[in-house]
Number of protein chains: 2
Amino acid sequence: MIGVDLGGTKLLAGAVDRQLGVHHRLSRAVAGMGQRELLDAAAEAVLQAIDQGEERAAAVGFGVPALIDPGSGSVAVGAHTPLSGIAFAQTMAERVGLPVFVDNDGNLAALAEHRAGAARGADHAIVLTLGTGIGAGLILDGRLYRGARGAAGELGHMEIDIDGEPDVDNCPGRGCAELFVSGPALEREAARLAADHPASALGRAAAEGRPLAGPLVTELAHDGDFAAIEAVTIVAQRLGIVIASLINVFNPEVVVVGGGLIAAGELLLGPARELVARRTFPFVHERLRILPARFGAEAGMIGAAALAWDGLAAGGAQGAPGAEVVA
Amino acid sequence: MIGVDLGGTKLLAGAVDRQLGVHHRLSRAVAGMGQRELLDAAAEAVLQAIDQGEERAAAVGFGVPALIDPGSGSVAVGAHTPLSGIAFAQTMAERVGLPVFVDNDGNLAALAEHRAGAARGADHAIVLTLGTGIGAGLILDGRLYRGARGAAGELGHMEIDIDGEPDVDNCPGRGCAELFVSGPALEREAARLAADHPASALGRAAAEGRPLAGPLVTELAHDGDFAAIEAVTIVAQRLGIVIASLINVFNPEVVVVGGGLIAAGELLLGPARELVARRTFPFVHERLRILPARFGAEAGMIGAAALAWDGLAAGGAQGAPGAEVVA
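Counting restarts for each chain, with residues numbered from 1 along the sequence as it is written. Each chain takes a letter, starting from A, and each ligand takes a number, starting from 1, following the order in which they are written. pLDDT decides what is reported in this predicted model: residues at 70 or higher carry local features, side-chain atom pairs at 80 or more are listed and counted, and totals for whole chains, interfaces and linings draw on all residues regardless.

## Overview of the overall build of chain A
Check the secondary structure of chain A and you find 10 helices and 12 strands. Here the radius of gyration uses the C-alpha set of atoms, whereas the globule reference equals 2.2 Å times the residue count to the power 0.38. Against the 2.2 N^0.38 benchmark of 20 Å for 327 residues, chain A shows a C-alpha radius of gyration of 20 Å, consistent with a compact globule. By principal-axis analysis of the C-alpha atoms, chain A measures approximately 65 × 50 × 40 Å. Buried residues in chain A amount to 60% of all 327 residues. Note that contacts rest on C-beta atoms placed from the backbone: two residues are in contact if these are within 7 Å. Considering only contacts within chain A whose residues lie at least 6 apart along the sequence, 66% involve residues at least 24 apart. The secondary structure listing takes helices from DSSP runs of H or I that are at least 4 residues long and strands from runs of E that are at least 2 residues long, numbered from the N terminus. Partly exposed residues are those whose C-beta has more than 12 but fewer than 20 other C-beta atoms within 10 Å; with 20 or more the residue is buried, with 12 or fewer it is exposed, and the C-beta atoms are placed from the backbone.

## Side note on unusual backbone geometry
At His24 of chain A, a position not held by glycine, the phi torsion is positive, near 55°. Inspection of the secondary structure assignment puts His24 of chain A in strand 3 (residues 22-29).

## Section: the pairing of strand 1 (residues 2-6) of chain B
All names here are of chain B. Most of strand 1 sits out of view: five of its five residues are buried. Residues Ile2, Val4 and Leu6 point to one face of strand 1 and Gly3 and Asp5 to the other, with burial holding for every one of them. One requirement defines pairing of two strands: DSSP has to find at least two bridges between them. The pairing of strand 1 with strand 2 (residues 10-16) spans five bridges and is antiparallel. Within strand 2, the residue paired with Asp5 across the bridge is Leu12. Hairpin connection of strand 1 to strand 2: three residues between the antiparallel strands. As defined by bridge partners, strand 1 adjoins strand 4 (residues 60-64) across four bridges and the pair is classed as parallel. Pairing of Asp5 across the sheet is with Gly63, part of strand 4.

## A closer look at the confidence of the model for chain A
Looking at chain A, the pLDDT average stands at 93 and 98% of residues meet or exceed 70. Interface scoring of the predicted complex returns ipTM 0.91; its pTM is 0.93. The quantity known as pLDDT measures the predictor's confidence residue by residue, on a range of 0 to 100.

## A look at the relation of the copies chain B and chain A
Superposition of chain B onto chain A requires a rotation of 180° combined with a translation of 0.0 Å along the rotation axis, giving an RMSD of 0.0 Å. Each copy turns onto its partner about a two-fold axis. Taken as a fraction of all interface residues of chain B, those also at the interface in chain A reach 100%, which identifies the copy contact as same-surface. Here the copies are superposed with least squares, the fitted atoms being C-alpha atoms of residues at a pLDDT of at least 70 in both.

## So, the sheet that holds strand 11 (residues 254-258) of chain B
Residue and element names in this part refer to chain B. Ordered in space as 10-9-8-11-12, the five strands form an open sheet in which the pairing is mixed. Two strands in the sheet have a free side with no partner beyond their single neighbour: strand 10 (143-144) and strand 12 (289-292). Strand direction decides the pairing type here: strand 8 (residues 125-130) and strand 9 (residues 134-140), joined by six bridges, are antiparallel. In the strand pairing of strand 9, Ile126 is matched with Leu138.

## Digging into the packing of helix 6 (residues 214-222) of chain A against helix 7 (residues 226-250) of chain A
Residue and element names in this part refer to chain A. The N-to-C vectors of helix 6 and helix 7 enclose an angle of 115°; their axes lie 7 Å apart at closest approach. Considering the relative orientation of helix 6 and helix 7, their crossing is left-handed. Residues Val217, Thr218, Leu220 and Ala221 of helix 6 pack against Ala228, Ile229, Ala231 and Val232 of helix 7. All amino acids are sorted into three groups, where Ala, Val, Leu, Ile, Met, Phe, Trp, Tyr, Cys and Pro are nonpolar, Asp, Glu, Lys and Arg are charged, and the leftover types, Gly among them, are polar. Residues of the contact of helix 6 with helix 7, tallied by class, amount to seven nonpolar, one polar and no charged. Axes here refer to lines fitted to C-alpha atoms; in helices the fit is confined to the stretch in contact. Angles between the N-to-C directions go from 0 to 180 degrees. Helix crossings get a hand from a simple test, with the near helix turned counterclockwise from the far one by less than a right angle marking a left-handed crossing and a clockwise turn marking a right-handed one.

## What about the environment of Leu140 of chain A?
Within the secondary structure, Leu140 of chain A is located in strand 9 (residues 134-140). Setting aside chain neighbours within four positions, we find Leu140 of chain A in contact with His124 and Tyr145 of chain A together with Leu140 and Tyr145 of chain B.

## Quick word on the domain arrangement of chain A
All names here are of chain A. Once the domains are mapped, chain A shows domain 1 (2-104 + 298-314) and domain 2 (118-292). Between the C-alpha centres of domain 1 and domain 2 there is a distance of 27 Å. Each side of the interface is counted separately: domain 1 has six residues, and domain 2 has seven residues. Top contributing element to the side of domain 1 that touches domain 2 by residue count: strand 5 (residues 67-69), with three residues. Each domain span listed reflects an automatic or database assignment of domains.

## Notes on the pairing of strand 8 of chain B
Residues and elements named next belong to chain B. Across the six residues of strand 8, six count as buried, placing the element largely inside the fold. Judged from the five bridges that link them, strand 8 and strand 11 form a sheet pairing that is parallel. Residue pairing for strand 11: Ala125 is matched across the bridge by Val254.

## Observations concerning the environment of Ala151 of chain B
Structurally, Ala151 of chain B is set in the loop between strand 10 and helix 4 (183-196). Residue Ala151 of chain B is classed as buried on the basis of its 24 C-beta neighbours within 10 Å. Taking the C-alpha atoms as reference points, Ala151 of chain B and Cys171 of chain B, 20 residues apart in sequence, are found 14 Å from one another. Ignoring sequence-local partners within four residues, the contact set of Ala151 of chain B consists of Asn251, Phe283 and Val284 of chain A together with Leu67 of chain B.

## Observations concerning helix 8 (residues 266-279) of chain B
Over its 14 residues, helix 8 of chain B extends 19 Å from the first C-alpha to the last, a length consistent with the 20 Å expected when each residue adds 1.5 Å. Along its buried surface, helix 8 of chain B packs onto helix 7 (226-250), strand 11, helix 9 (282-285) and strand 12 of chain B. One less than the number of residues in a helix, times 1.5 Å, gives the span that helix is expected to have.

## Thoughts on the sheet that holds strand 9 of chain A
Residues and elements named next belong to chain A. In spatial order, the strands read 10-9-8-11-12; together these five strands make up an open sheet with mixed pairing. Lying at the two open borders of the sheet, with one neighbouring strand each, are strand 10 (143-144) and strand 12 (289-292). Across the face of the sheet, helix 8 (residues 266-279) comes into contact with strand 11 (254-258) and strand 12 while running at roughly 165° to strand 12.

Shown next as structure tokens:
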């Protein structure tokens, strides 16, 4: 099976077996591509992944950072990709000559963690992917929950600051969770703390003109710099607030945290767990596990393959070669 | 079937047919009762309701303002009732001589609205009961969603004010939604606006020493008093923020609003709808309906009967006469 994570800046494709083991992988930079160019690049990567695989691929699964109509496999809203409005699954099926399945990348990361990762065995799990924003997927009663039109799980747009600032990236919300729990949020706190503490490693890095990007801040925090640790801790406590709300809403068994920010590991999860324990009833948090994701950058690709395995077993595809384009 | 809403201040019992029509109803004041007295009052009310019914009752359903363990029918956490920790379903089954089913009152209001009320026909619905706090129930993929331990749907404890005040009623949260969207919140806004606008009807009522309780504020708003309308509008906009978050999380088809606050009708729902339309993507709100509940004070009782009808059909009861007490 071929799984493809078609992100806003990078495409990752791989041949993935039924146990979700990854054989062969390839990646392409796709930042700035227009619609046609992106579709061409995706199809070409898929064909190359098919060629590399030992077994004949039976279908292709795609993860896209967009709201996907589950019935047709069309892209309903694609804030981070130039694919809005197209019948993605059918278009790709024609190009690659195989049945195609597609879903939101946050949903697919949740599917991967549920099948073979940190949420394995849980009937009720929330998977958060913390990067530029908050990607998320919900496993409820043992299955991926998509809502009425496939748009459920946009947890980054829970409004956690009632009189807060407008969100970015065309989101019409204000005080959205992803303004507080994301790479940009970590960078903002780091910049502030660097200015407040010029003698810290963080402050010195800023004085040297180094951009205080997430990976650097995380590295300095792991090295023990108090200002960098403080930046991570602030974001971690905001994450704790988001998780506290989510467990009151869903009463899950496990919350899995992945994405770029989880590089901070326990520096992120520790303060988040502490805040959750402080701000929720014991009944809802005493058996809750808050765990790092098993799959890192490959979660979307692996989940895309899992989607295709499931879809083939269920009998239908969102797109199939020779079928009529429906949307 | 007998349905019982065993609230913190009042018990409501009735004989309810399979189509959820209510025949006979009776109520009892239960405020301030201890555990034994409350159980006695509930059992006595059930026996009286059984006597009044034309058909022989086959089971009893109870709604309780508490977290209920779905397996055993025990009360796990009962902040608003003296029933914490008891094997409620089994205890009541022994007393009334019939199979007993029990669930959280917010869940049962959702069940009633889904079966025969404003959420009928929807596979994805959120039912909010706005009173002293926020009661809620989630209909996901056509079924009541309870989470890992029966504690899902505590939507009043979503934290919507990141640096907010501590919650009340033993909740360890801060900035919880029910601090902003509830009867007490309406009263607080009304008191402030009455002081700011002494010439308004609201201000004059306050000067006369009348308590600015929810029903009075709502009545003055319906009469056109601008200060009372402003108080309702502020709460309505906060409700809109909560609904905006919920639709990003769940992507439902319908949000139903019931409880005491819905007496304000469109004065409440209008500004809430307007805020939701302004703060969310069209894709998630364009087909969303925000509707008043069909069932008012009887929603919990009707939902309790629906639970018992469902439970009998499924074959097992949480409590049965002669069975061993499990918890």
